[in-house]
Amino acid sequence: MKKILLVLSSPRGAQSHSHQIAHRIVEDLRLQPAGAEVVVRDVSKEPLPYVSEAFVSGLFTPPEKRTPEEARAT
């Protein structure tokens, strides 16, 4: 089974032309014989967190040695 990641970012949502076209393409791919699993991420509704110093330092620190701030960030 194929997997598709659809990343949306328009603050116009369903009113956006690119949003409408992307959904049509995804629906066409779903109709293919093998089908497809689609994961939708709308970063206009759920923004990605900023990369902070605590996040970066937490990546390079073993989990048991992370500060509370690093643990929250990672």
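Residues numbered from 1 in each chain as written. Predicted model: local features only at pLDDT ≥ 70, side-chain atom pairs only at ≥ 80, totals over all residues. Heavy atoms only, no water.

So, on to the pairing of strand β1 (residues 2-8). With seven bridges connecting them, β1 and strand β2 (residues 36-42) associate as parallel partners. Among the inter-strand pairings, leucine 6 is bridged to a residue of β2, identified as valine 40. In the classification by handedness, the crossover that spans β1, the intervening helix α1 (residues 17-30) and the parallel β2 is right-handed. (Pairing = 2+ DSSP bridges. Helix = DSSP H or I, 4+ residues; strand = E, 2+ residues; numbered from the N terminus. Right-handed = clockwise from strand over helix to strand, strands pointing away.)

The next subject is the environment of proline 68. Mapped onto the elements, proline 68 comes out in helix α3 (residues 68-73). For proline 68, a relative accessible area of 60% corresponds to the exposed category. Expressed as a C-alpha distance, the spacing of proline 68 and glycine 58, which sit 10 residues apart in the sequence, is 9.7 Å. (Buried < 20%, exposed > 50% of the residue type's maximum accessible area, 1.4 Å probe, protein only.)

Before going further, it helps to examine the side chain of histidine 19. Within the element layout of this structure, histidine 19 appears in helix α1. Leave out the neighbours within four places in its chain, and histidine 19 touches Leu8, Gly13 and Ala14. (Contact = heavy atoms within 4.5 Å.)

Glancing now at a nonpolar patch on the surface. Judged by side-chain polarity, Val51, Val56, Leu59 and Phe60 come together as a nonpolar surface patch covering roughly 440 Å² of accessible area. Residue placement: valine 56 occurs in helix α2 (residues 53-59). Given the relative accessible area of 37%, valine 56 is considered partly exposed. (Patch = residues over 30% accessible without salt bridge, like charges linked within 9 Å, V, L, I, M, F, W, Y side chains within 5 Å. Areas by Shrake-Rupley, 256 points an atom, 1.4 Å probe, with all protein chains shown as cover. Salt bridge = Lys/Arg side-chain N within 4 Å of Asp/Glu carboxyl O.)

Let's shift gears to the side chain of serine 16. Here serine 16 lies in the loop between β1 and α1. One polar contact links serine 16 to serine 18, side chain to side chain, over a distance of 3.0 Å. (Polar contact = N/O pair within 3.5 Å; in protein donor to acceptor, adjacent residues only side chain to side chain.)

Listed in full, the seven residues of the largest apolar core are Ile4, Leu6, Leu8, Ala22, Val26, Ala36 and Val38. Mapped onto this core, the elements with two or more residues apiece are β1, α1 and β2. Considering each element in turn, this core owes the most residues, three residues, to β1. Apart from the residues lying within four places of it in its own chain, the contact partners of leucine 6 are Ala22, His23, Val26, Val39, Val40 and Arg41. (Core = buried A, V, L, I, M, F, W, Y, C linked by side-chain atoms within 4.5 Å.)

Without other data, these values stay purely geometric and don't point to any function.
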